[in-house]
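A closer look at the structure
Here is how the chains run, residue by residue.
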Amino acid sequence: MIRLQGIEKSFGRHPMLKGIDLEIGTGEVVVILGPSGSGKTTLLRCLNFLEKPNAGRIRVGDYEVDCRTAGKKEIQQLRLRTAMVFQQYNLFRHKTALENVMEGLLVVRKLPKREAREQSVQLLEKVGLGGKLDAYPSQLSGGQQQRVGIARALALNPEVILFDEPTSALDPELVGEVLSVIRKIAKEGITMIVVTHEMGFAQDVANHVVFMDEGKVVEEGHPNRLFSSPKEERTRQFLKRITPDGVYSI
Amino acid sequence: MEQEFDFTYVLQFIPKILSTLGTTLTIVGGSLVLGLAAGLLAALPRLYKIPFLRRVSQVYVSFFRGTPILIQLFLLYYGLPELLKQADIDLSKTPVLVFVILTYGLHVSAYVSEMIRASVESVDRGQVEAAYSVGMNGVQAFTRIVLPQALAIAVPVFANLLLALLKDTSLAFTLGVMEMTGKASSLTTLTQHFVEAYLSLALIYLAVCLVLERLLRVLERRLLRHEARPVPAKSFESWRTKWLPFGLPQAFKLRSKGGDA
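Procedures and definitions
Residues numbered from 1 in each chain as written. Chains lettered and ligands numbered in written order. Predicted model: local features only at pLDDT ≥ 70, side-chain atom pairs only at ≥ 80, totals over all residues. Heavy atoms only, no water. pLDDT = per-residue confidence, 0-100. Helix = DSSP H or I, 4+ residues; strand = E, 2+ residues; numbered from the N terminus. Contact = heavy atoms within 4.5 Å. Pairing = 2+ DSSP bridges. Axes fitted to C-alpha atoms, helices over the stretch in contact; angles between N-to-C directions. Expected span 1.5 Å × (residues − 1). Bend = angle between axes of the 7 residues up to and from the residue. Buried area = accessible area lost by both parts, 1.4 Å probe. Salt bridge = Lys/Arg side-chain N within 4 Å of Asp/Glu carboxyl O. Buried < 20%, exposed > 50% of the residue type's maximum accessible area, 1.4 Å probe, protein only.

Residues and elements named next belong to chain B. Within chain B, residue pLDDT values average 86, and 86% of them lie at 70 or more. Ranking the elements of chain B by mean pLDDT puts helix H11 (residues 248-260) last, at 45, and helix H6 (residues 125-133) first, at 96. Here residues 245-261 scores under 50 on pLDDT; set against residues more than four positions off or in separate chains, the count is 7 contacts.

This part takes up the sheet that holds strand E1 (residues 2-11) of chain A. Residues and elements named next belong to chain A. Taken in spatial order, the 4 strands of this open sheet run E2-E1-E4-E5, and their pairing is antiparallel. Where the open sheet ends on each side, the last strands, each with one partner, are strand E2 (14-24) and strand E5 (63-66). Shown here is a sheet whose adjacent strand axes are inclined to one another by a mean of 15°, direction ignored. Here E1 pairs with E2 via 8 bridges, running antiparallel. Counted as the bridge partner of Ile2 is Ile24 from E2.

All names here are of chain A. Overall, mixed pairing links the 6 strands, which are arranged E6-E7-E8-E3-E9-E10 in an open sheet. Edge positions in the open sheet fall to strand E6 (82-85) and strand E10 (216-221), since each of these has one partner strand only. Adjacent strand axes in the sheet meet at a mean angle of 20° when their direction is disregarded. As paired elements, strand E7 (residues 160-164) and strand E8 (residues 191-195) share 5 bridges and run parallel to each other. Across the sheet, the residue bridging to Val160 is Thr191, located in E8. Relative to the sheet, helix H6 (residues 172-187) contacts strand E3 (29-33), E7 and E8, its axis offset from that of E8 by approximately 150°.

Turning to helix H7 (residues 138-168) of chain B, a few remarks are in order. Spacing of three or four residues puts side chains on the same side of an α-helix, whose turn is 3.6 residues. Spanning 31 residues, H7(B) covers only 38 Å between terminal C-alpha atoms, well under the ideal 45 Å at 1.5 Å per step. Remark: the principal bend of H7(B), roughly 40°, maps to B:Val146, with a proline, B:Pro148, within the next four residues.

Examined against the element boundaries, A:Ile182 turns out to sit in helix H6. Setting aside residues up to four positions removed in sequence, A:Ile182 forms contacts with A:Ile150, A:Phe163, A:Pro166, A:Met192 and A:Phe201.

Contacts between the two partners involve 21 residues from chain B, matched on the other side by 26 residues from chain A. The largest share of the area that chain B buries against chain A comes from B:Ser133, B:Val134 and B:His226, three residues that together contribute 28% of it. Connecting chain B to chain A are 3 salt bridges. For the salt bridge of A:Arg93 with B:Glu227, the shortest nitrogen-to-oxygen distance reads 2.7 Å.

This part is about the pairing of E6(A). Residues and elements named next belong to chain A. Burial along E6 is two-sided: the face carrying Thr82 and Met84 and the face carrying Ala83 and Val85 are both buried. With 4 bridges connecting them, E6 and E7 associate as parallel partners. Looking at the pairing, Val85 lines up with Phe163 of E7.

So this is what it looks like as structure tokens:
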């Protein structure tokens, strides 16, 4: 279970998150929607302290931190329970696909090399890259790189995987392969929080949609309900802007 | 007084000058070690944006990059003993080579610090974030992720720096150090064969530079093996279709097929 309470974050004087409360059950697939600048990505990055929140509490599984007082140890504990898939993939450029997945297992989890290798090979096969173990990121397409990124996140066996616009940097024809991998692991019951603009994906896969605007959660709920009969005017406006008429008339 | 050009002198001079190659390489090696250490120290405050030290490091780098190496040599060789005399430290018996290595070391460190700063900063920020996201701490992220990539970026800059250093050591003879240039200049006084002596000297510097260049290129390739491969060498097939006149390709193809069977 993940619980966020009163998360606040500002960049300089500009408030980005104005007190976010959110509860996410184990195995839920949460999609965060919202216009750009609404703080979706910032919220995701606050969860593993790539941005340090100014205030609030974060609970991931059995571990809870107060953001104000969190030190190196607490941040490390939080990061061990989360994993992230980045918009720009951020694969380690000097390491092969296999080494990318193994890195965390070897360095952080301190697994013996053979075991780490076995697990990593399995995961790469799962994302359909069993034949690309020794390829460097520069030799892979964007879609393949992102699938390695997903395998790297899975390897850590985290409580939750954070997806930061995982398909935004991809060529349109490569989006499908990445989404289908995410779909596949969503079915396995891994908790995930996904920031995306893929409405179709949100509707098919998510069982919890959060709509954010101006650093606040405007509305949340089951996708069927939220897409068909949004309560808030701002949600309605947003949905109308990004989806053609009739698509979400369920 | 000047003698006519005689190539046999070049052959004679080369081994003589080579006998002092060791001194030149000692200066290069010693100042490189010193320069890398001091350069790293000078780069750290700027990489980590430490308020006051950052300024100090900037001034330090500006000084050693902004004044001629020859003047730095004189300043340290004549100035440092004077300065330390005030503190009752006597440097009058210190070998010249120590001053020379110290000067070149400090000089190189300014460039090294810029090299380190630039190459570390050019590693994408996302790499560090990815390292943190898998649970690495700052030291692990730096040594395992940033440093190897920064090294690869730094090699070409380092190659420039090393070759420049090697050639700059030729100024050490102004303080009377018997390195290669010093030796060559003494040969000219001895024999009056100026051109031969300096030609020999040039050939030796060139040869050493070429060797260093090669080594560094191998190192660079090795460190950059993760970047997309350069276009593979043209295969015979593409060469044949491009350059052989029409008709001949057929003959080639047929014959090579026959050979295989």
